[in-house]
Amino acid sequence: MLIADARKKMSFSDLGTLVENQKKEINKLENTIKRLEFKNIVLQEKYDLLLYKRFVRSSEIPDKTQPELFDEAQAESGTGKQDERETETITYQRNKHKAGRKPLPENLTREERINDLPEEEKTCGCGRRLERIGEDVNEKLIIEEPRIYVERTVTPKYVCPCCKGGKEDGDAPCVIKQAQAVPSILPGSIASPGVLARIFTAKFEERLPYSRQEKQFERIGAGVSRQDMANWQGKTGIILISLYVLLKQTLKEGKALRMDETTVQVMGEEDRKDTQKSYMRLARGGPPGKPVVIYKYSNSRKAGNIDEFIEGFRGYLQTDGYAGYDSAVRGREDIIHVGCFAHARRKFIEGQKAGVQAKSAAVGINYIKQLYDIDGELREKLRRDEVDENNFLTQRKERTEAVLGKFRKYLDKRIGEVPGETLLGKAVSYTVNQWEKLTAYLECAELTPDNNISENAIRPFVVGRKNWLFYKIPVGAETACILYSVIETAKLNGLSPLKYLKTLFERIPYAVSPDDWIALLPWNISL
């Protein structure tokens, strides 16, 4: 009765105001619902992405069930025919592998063991001597414990038994003659060049920490502690600085430079907590025939730490989307900054795996795949000398132009439709913002669509980090960078790290001039 009485007392204007207030409240609630629904979508994508990263293989190789490049509208609806295209038949030859076990390498030493019949069984029952008609050969790989021994270098001393090295009156001092001591990379140390090479190869190539190597030395009866190995690393790293400087100079002589970085934990840094993260930077470059990889430790990710790599360099710098590289090259007209399509593709793959618009993300992936296919096909022709560098650049630009045009139209359309907080939105925004840098690789024949070549170079450090976890002092990180640089550069030039380091450590004591050090570079040395 009270409500009815209150309504009777309301005027038409009061009722209109009440309706408007209710509409506003409804709109407010609807906006809240939409906001919460969108927040739920974003959180669900993040949750799904974490599940994929935790439990699903991380390979970025396209799935065979992934659709080919088609119109986006058809991708969203899941129907429609693929665009009609010209087709070509590609034929090739490949070597067919024989069935059975792979033979052991021919360069391994063979020791023959004859498994023959006893002499008394080589006579037939009729009395005739058996004739050899053939043989069966079975090869087994034998690995024995390494030969461990101590090399004793004896340097005799000589003196004249008559005059004792002096005059007849015997007043002159006795003269003792002796051969000069054999030069060593670490004078007074028990470590030979071969031992140093094996220790550093195991640490930086095979990712075996010094603590585990210490136990290996114990098992073979040689007492070499982890402290000894760490001290040898520090001293050897300092000696290798001259070679490290030459490698850095060669690094900047090429047309293209690629950079990447990863975190590292270093203790004992000045004015920093041991729990703070430092960074290991990598640069790969060099002129044709002289590839170089340089590692450099720094305690921060500041752009100023990049200057050391690009100072004096002219050409193309390919990196990921980290803003520090933009700051470092700002104002450098002699450096063209190039982006990485692998990072853009990775974001689209995340959108395909865990996003609510997986089909639309697949469209972006397929556009990028076509760019890779064009570059890979033409680069193979360049490798076989079927096209020269100029033709390679011209054909790559012409064939890529149509794909990039369609890709950009797709991006411009989606950037106005997809919220930036979603996985697809992040992929689209990243690609649009990096577009000029992403397409700059077309100007240089040495560059590919991505920066994976530097990511592959930094992988040995990342894998090794899982075993040794941290460096106790900054000097350890700095000398590790030098040894990583020497070992990885040797591998790029087709050398065995173990043989190269052993030869290097044997010849360094005799290097007294700049030309002597230049002769020790991986592309100059003879093993």
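Up top is the structure these notes are about.
Residues numbered from 1 in each chain as written. Predicted model: local features only at pLDDT ≥ 70, side-chain atom pairs only at ≥ 80, totals over all residues. Heavy atoms only, no water.

Novice: Please provide a residue-by-residue account of the sheet that holds strand β4 (residues 277-285), values included.
Specialist: The mixed open sheet is built from 5 strands, whose spatial order is β5-β4-β3-β6-β7. Whereas interior strands pair on both sides, the edge strands pair on one side only; in this sheet they are β5 (292-298) and β7 (335-338). Neighbour-to-neighbour, the strand axes of the sheet open up by a mean angle of 25 degrees, direction not taken into account. The pairing of β4 with β5 spans 7 bridges and is antiparallel. Bridging from a neighbouring strand, R284 pairs with V293 of β5. Against the sheet, helix α7 (residues 241-251) touches β3 (256-265), β4 and β5, its axis set at about 115 degrees to β5. Those strands touched by helix α16 (residues 474-492) are β4 and β5, and its axis lies near 170 degrees from that of β5. (Pairing = 2+ DSSP bridges. Helix = DSSP H or I, 4+ residues; strand = E, 2+ residues; numbered from the N terminus. Axes fitted to C-alpha atoms, helices over the stretch in contact; angles between N-to-C directions. Contact = heavy atoms within 4.5 Å.)

Novice: I'd like a rundown of the packing of helix α10 (residues 341-354) against helix α13 (residues 423-433), residues and numbers included.
Specialist: Between α10 and α13, the least distance of the axes is 8 Å, while the angle of their chain directions is 165 degrees. One finds that α10 runs roughly antiparallel with respect to α13. Here the hand of the crossing between α10 and α13 comes out left-handed. Here H343, A344, K347, F348, E350, G351 and A354 of α10 come into contact with α13, specifically with L423, L424, K426, A427, V428, Y430 and T431. A class-by-class count of the residues in the contact of α10 with α13 yields 8 nonpolar, 3 polar and 3 charged. (Parallel < 35°, antiparallel > 145°, perpendicular 65-115°, else oblique. Left-handed = near helix turned anticlockwise from the far one by under 90°. Nonpolar A, V, L, I, M, F, W, Y, C, P; charged D, E, K, R; others polar.)

Novice: I'd love a proper account of the pairing of β7, names of residues and values included.
Specialist: Across 4 bridges, strand β6 (residues 315-318) lies against β7 in parallel orientation. Residue G315 lies in a different strand from β7, and its bridge partner there is I335. In the classification by handedness, the crossover that spans β6, the intervening helix α9 (residues 323-329) and the parallel β7 is right-handed. (Right-handed = clockwise from strand over helix to strand, strands pointing away.)

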